[in-house]
Amino acid sequence: MRILLLEDDRDTRDYLGRGLKELGHRVVAESDGKAALARTLGEAFDILILDRMVPGLDGLTMLRLAREAGCQAPAIILSAMAGIEDRVAGLEGGADDYLIKPFAFAELTARLGALARRPPPGDRGDFQALLCVADIEMDLLKRTVRRGDRPIDLQPREFSLLEFLLRNPDRPVTRTMLLDRVWNFGFDPKTNIVETHMSRLRAKLNEGGREDAIRTVRGAGYMVLSSAQ
Amino acid sequence: MTLLPRTIRGLSILSATVSGLVILILGAAAILISHHEIEAQMDHRIEREMDALLDFHASNGAAQLAQVVRARDGATTAGTGYLAEADSDGRMMLYALADAEGRRIAGHLIPKMPADGWSEFLPIRHPDGSTGEAQALSRRLPDGGQLVIAADRSALHRSDDRILFVVMIGLGVILLTGTISTIAFGRLVRRRLVLISGTAQGIIEGDYARRVPVDGSGSEFDRISTILNQMLGRIEELMGSLRQVSSDLAHDMRTPLGRIRQDMERLIQDTSDPAAGRSAEQAIADIDALLDLFAGLLGVSEVRGFAARKRFVRLQLADVVADVVDAYRPAFDDDGRSLTAELQPLTVRGDAQLLKRAVANLLENILAHAGEGASAALSLRQEDGQAVLILADTGPGVPAKDLEKIFERLVRLDPSRSKGGHGLGLSMVRAIVRAHHGRIRAMPSARGMVMLVHLPIAGA
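A quick note: this is a predicted structure, and the numbers were derived from the prediction, not measured.

> Would you take a moment to explain the overall build of chain B for this structure?
Helix and strand counts for chain B come out as 8 helices and 12 strands. Long-range pairs, those at least 24 residues apart, make up 61% of the contacts in chain B between residues at least 6 apart in sequence.

> Mind showing me how you'd approach the overall build of chain A here?
In terms of regular secondary structure, chain A is built from 8 helices and 11 strands. Across chain A, every contact between residues at least 6 apart in sequence was considered, and the portion connecting residues at least 24 apart equals 56%.

> Please clarify how the nonpolar core should be interpreted in this entry.
Across soluble globular proteins, nonpolar side chains show a tendency to be buried alongside one another. Counting 76 residues, the largest nonpolar core has V303, V321, Y328, L363 and I432 of chain B as the members making the most contacts within it. Looking at which element gives the most residues to this core, the answer is helix α6 (residues 317-334) of chain B, with 10 residues. Grouped together as the second largest cluster of nonpolar side chains are 33 residues, I3, A36 and L63 of chain A together with L291 of chain B included.

> In this structure, what is going on with the sheet that holds strand β3 (residues 117-125) of chain B? I would like to understand it.
Strands belonging to one sheet form pairs held by backbone hydrogen bonds; the direction of such a pair is parallel or antiparallel. Residue and element names in this part refer to chain B. Taken together, the 5 strands give an open sheet; going across it, the order is β2-β1-β5-β4-β3, and neighbouring strands pair in antiparallel fashion. Each edge of the open sheet carries a strand with a single partner, namely β2 (104-106) and β3. The sheet shows a mean angle of 35° between the axes of neighbouring strands, taken without regard to direction. Summarising the sheet, β3 and strand β4 (residues 131-140) pair through 7 bridges and their orientation is antiparallel.

> Just checking my understanding: could you explain the interface of chain A and chain B for this structure?
Size of an interface: often given as the accessible area lost when the parts come together. The interface of chain A with chain B comprises 28 residues on the first partner and 32 residues on the second. Contributing elements (two or more residues each) for the side of chain A that touches chain B: α1 (10-22), α4 (84-92) and α8 (193-205) of chain A. Among the residues making up the side of chain A that touches chain B, the classes are represented as 14 nonpolar, 7 polar and 7 charged.

> Before we go on, may I ask you to explain helix α5 (residues 274-304) of chain B in this structure?
Residues spaced three or four apart along an α-helix point in a common direction, a consequence of the helix completing one turn every 3.6 residues. Here α5 of chain B contains 31 residues, and its C-alpha end-to-end distance of 45 Å stays within 8% of the 45 Å for a straight helix at 1.5 Å per residue. Every buried residue of α5 of chain B is listed here: A280, I284, L291, A295, G296, G299, V300, E302 and V303 of chain B. Packing partners of the buried residues in α5 of chain B comprise α4 of chain A together with α4 (220-270), α7 (352-369) and α8 (425-435) of chain B. Directly after α5 of chain B, the chain includes F306 of chain B, whose backbone phi takes a positive value near 60°.

> Can you walk me through the environment of L188 of chain B in this structure?
With respect to the secondary-structure elements, L188 of chain B resides in helix α3 (residues 154-204). Taking C-alpha positions, L188 of chain B is 9.8 Å from F221 of chain B, a pair spaced 33 residues apart along the chain.

> I'm lost on the sheet that holds strand β10 (residues 386-393) of chain B in this one. Help?
All names here are of chain B. Taking strand neighbours across the sheet as the criterion, the 5 strands line up as β7-β9-β10-β12-β11 in an open arrangement whose pairing is mixed. Two strands close off the open sheet at either side, each with one partner strand: β7 (338-343) and β11 (439-444). Shown here is a sheet whose adjacent strand axes are inclined to one another by a mean of 15°, direction ignored. Direction of pairing for strand β9 (residues 375-383) relative to β10: antiparallel, over a ladder of 8 bridges. Residue L378 lies in a different strand from β10, and its bridge partner there is L391.

> Just checking my understanding: could you explain the confidence of the model for chain B for this structure?
On average, residues of chain B carry a pLDDT of 84, and 93% of them reach 70 or more. Contacts from residues 76-86 of chain B, a stretch scored under 50 in pLDDT, to residues over four places away or in other chains number 16 contacts.

> Just checking my understanding: could you explain the packing of α8 of chain A against α6 of chain B for this structure?
Geometrically, a packed helix pair is captured by the angle between its two axes and the distance between the axes. At a closest axis distance of 8 Å, the pairing of α8 of chain A and α6 of chain B adopts a crossing angle of 80°. The angle between α8 of chain A and α6 of chain B places the two elements in the roughly perpendicular class. Between α8 of chain A, through I193, T196, H197 and R200 of chain A, and α6 of chain B, the contact on the second element is made entirely by A327, Y328, P330, A331 and D334 of chain B. Residues that form the contact of α8 of chain A with α6 of chain B fall into these classes: 5 nonpolar, 2 polar and 2 charged.

About the cut-offs
- Residues numbered from 1 in each chain as written.
- Chains lettered and ligands numbered in written order.
- Predicted model: local features only at pLDDT ≥ 70, side-chain atom pairs only at ≥ 80, totals over all residues.
- Helix = DSSP H or I, 4+ residues; strand = E, 2+ residues; numbered from the N terminus.
- Contact = placed C-beta atoms within 7 Å.
- Core = buried A, V, L, I, M, F, W, Y, C linked by C-beta atoms within 7 Å.
- Buried ≥ 20, exposed ≤ 12 C-beta atoms within 10 Å, placed from the backbone.
- Pairing = 2+ DSSP bridges.
- Axes fitted to C-alpha atoms, helices over the stretch in contact; angles between N-to-C directions.
- Nonpolar A, V, L, I, M, F, W, Y, C, P; charged D, E, K, R; others polar.
- Expected span 1.5 Å × (residues − 1).
- pLDDT = per-residue confidence, 0-100.
- Parallel < 35°, antiparallel > 145°, perpendicular 65-115°, else oblique.

Next up, the structure:
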């Protein structure tokens, strides 16, 4: 993916740039909001990673101007502004995700992966009624799930959880992503509610001694593999 | 000073009463003075007339006097009774003449001859047949006859009545303007006070930008409002700089902590020493806990500032609560506890994520403190026009003296502070409930503890 990285802290910029390049992305790094805006107007990016407090133009204003100029690339804000209202302002200001600094690198890559796969806004053309990953089949209209030929009865929240995993095959999804997207919590509870729901979902999917359909990625989250290994 | 009224109404009533009394006294004095003056003038006129007629009698004799008296009295030929017609409202002067034997010679309007000398209230008749009173002087003529000259007192009464009428009108006007000005003044004061108290209420509820309206009239209220606004501006400025310091501090702390965290992550990737890796992981966990504490503290302050209110929307509280209950039920089940919920659909105005956080924190509080095997029952219903969320648990509860303390920041009843958490969960709950114009109370129950949350129901 072609990624624009706007970050004025040199250490963080180098660290993120190096990490993303190692994953095979092409990264254009800028430390100034105006320069970053000029870049987005001249080149196409698959994703924007923007710090909020940078010289020139702050990340949110830069994003707004880029959006007005027709830039549709998904954007993720990275910010040390950790307030509840800061996050709301970021998301309402046109960002697709908001990650509070400091964060685990794995969290950022997981979120980038989910964002890049998201269809552009307004495009419902590729709506899939059926999600198939490995031997798991999910019918979004009938709201039924099968593994192989065995139907699996899921609670609504377990269904949403599995749907999110199936929409991001072969990519880890993190606990906080699931809290945001499946539970719409927007905060991090102390209790392992993701783990408890995940273990129930697993138990139902794996019933009958099948191999584990959901992989736990240490330090990153959970993943459904598209090809059985 | 206690005798002086302390309300505007009292002061106005006092001033109207004093003005009324002054008018009454002035009126009474005017009546007395004019009454006395008119009476004196009447007496003087009667005396002068009497002297003139007695002189006339002495030089012209009784028969001539009778003629004059009749003429003056208006009882004979029309047009000669000039005195009788001097006043269109009635007669001013009346005359009566009797001879030595007491036979009436002239003056039919005085029914009964008075005794000699002055009579104050002599009954008389008017030409139109009505009766009245007159001031009368009776004198003996040298031939033994009796001459009576009287002045009708109705002029005096009329003067008294007119002055009294004017006084009464004055009194009425004073009382009326007093009443109107009391009401108007009261309204004015109340209107301005309502503006001031409305602003104060707004600020209590977190709208720190509110100011007392000033109408530019330069009145005392404008002056006090201006001073109040300057004070509010100063307070807001101080709060703003405090917020700025907190947010700068948070930022300045996050940045270096973030770098340390990055270094630790890199170390874990690069190192082949498992012990170093474990230490780095522990360091990351500690940094995260520190950041979490700071975010929690700032979060509570932020919610207490009620900034979220501008984002409030109508939402179905039962759905919000059900989402959280659904998320936590497995956690309760896994520890051998149970969580039941009975939710009545109720609409409130609020922020779904904050409300979820409040309910989640309440449930986590039970998970953390109620011990194994404890159960929790949650109910949402309408009571007295409010949404009431009741969360009862069968845990050990909290000593009565600590029931209010548990909502304060960083309070942990465990003296060793060894259990996890920062003691921010319940203070966050209270901040969220208050931001939603609600209130929360903790109460002991027969089997454990009850949390009671009241929230206003959204109007249609």
